[in-house]
Amino acid sequence: MHYALSIFFAVFLAELGDKTQLATMLFATDKQHHPLMVFGAAASALVLSTAIAVALGVAAEKYLSMIPLKLIAGLGFIAIGIFTVWDHFSTSA
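Rules used throughout
- Residues numbered from 1 in each chain as written.
- Predicted model: local features only at pLDDT ≥ 70, side-chain atom pairs only at ≥ 80, totals over all residues.
- Heavy atoms only, no water.
- Helix = DSSP H or I, 4+ residues; strand = E, 2+ residues; numbered from the N terminus.
- Rg over C-alpha atoms; globule rule 2.2 N^0.38 Å.
- Buried < 20%, exposed > 50% of the residue type's maximum accessible area, 1.4 Å probe, protein only.
- pLDDT = per-residue confidence, 0-100.
- Axes fitted to C-alpha atoms, helices over the stretch in contact; angles between N-to-C directions.
- Parallel < 35°, antiparallel > 145°, perpendicular 65-115°, else oblique.
- Left-handed = near helix turned anticlockwise from the far one by under 90°.
- Contact = heavy atoms within 4.5 Å.
- Phe/Tyr/Trp six-rings, centres within 6.5 Å; stacked < 30°, edge-to-face > 60°.

### Here we look at the overall build of the protein chain
Then comes step 1: Check the secondary structure of the protein chain and you find four helices and zero strands.
Then comes step 2: Traced from its N-terminal end to its C-terminal end, the protein chain shows the element sequence α-α-α-α.
Then comes step 3: Taking 2.2 N^0.38 as the reference for a compact globule, 93 residues should give roughly 12 Å; the C-alpha atoms of the protein chain span a radius of gyration of 20 Å, well beyond that estimate.
Then comes step 4: Per-residue burial over the protein chain gives 2% buried out of 93 residues.

Next comes the structure, spelled out in structure tokens:
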């Protein structure tokens, strides 16, 4: 249950204010369509896109389980950080 809550809050926070939410808000401003229809269509789209992401993740796990993805991602973020700091000091001088 703790893991499910972690997933819920991570996805919930990631979705706040993103372009999907903004598009849904714009659709809801259209008086020709009932808000519940907008909610149902948007919720269905998010459920389907999440189902596709889970299916792709399960399929990719078979091929990516041998690759240290957390290490690669961590090194990538460190490289981006070094590049950002380097760029800051090289352009401000």
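### Re the confidence of the model for the protein chain
Then comes step 1: Summary statistics for the protein chain give a mean pLDDT of 88 and a share of 98% for residues scoring 70 or more.
Then comes step 2: Predicted confidence in the protein chain is weakest over helix H1 (residues 2-15), with a mean pLDDT of 86, and strongest over helix H3 (residues 35-64), with 91.

### Some points on the packing of helix H2 (residues 19-28) against H3
Then comes step 1: Running from N to C, H2 and H3 point in directions that differ by 160 degrees, and their axes come no closer than 10 Å. Here H2 lies roughly antiparallel to H3, going by the angle between them. Regarding H2 and H3, the two cross each other, and that crossing is right-handed. Note on element contacts: H3 touches H2 through Val38, Ala42 and Leu46, opposite Thr20, Thr24, Phe27 and Ala28.

### As for the packing of aromatic side chains
Then comes step 1: Following the criterion strictly, the structure yields two aromatic pairs and no others.
Then comes step 2: A centroid spacing of 5.2 Å and a plane angle of 80 degrees characterise the contact between Phe8 and Phe9, whose relative ring orientation is edge-to-face.
Then comes step 3: Relative to Phe12, the ring of Phe8 has its centre 5.8 Å away and its plane inclined at 10 degrees; by these criteria the two rings are stacked. Highlighted residues: Phe8 and Phe12, both in helix H1, separated by four residues, approximately one helical turn.

### Focus on the environment of Leu75
Then comes step 1: Position of Leu75 relative to the elements: it lies in helix H4 (residues 69-92).
Then comes step 2: Under the relative-accessibility criterion, Leu75 is labelled partly exposed at 49%.

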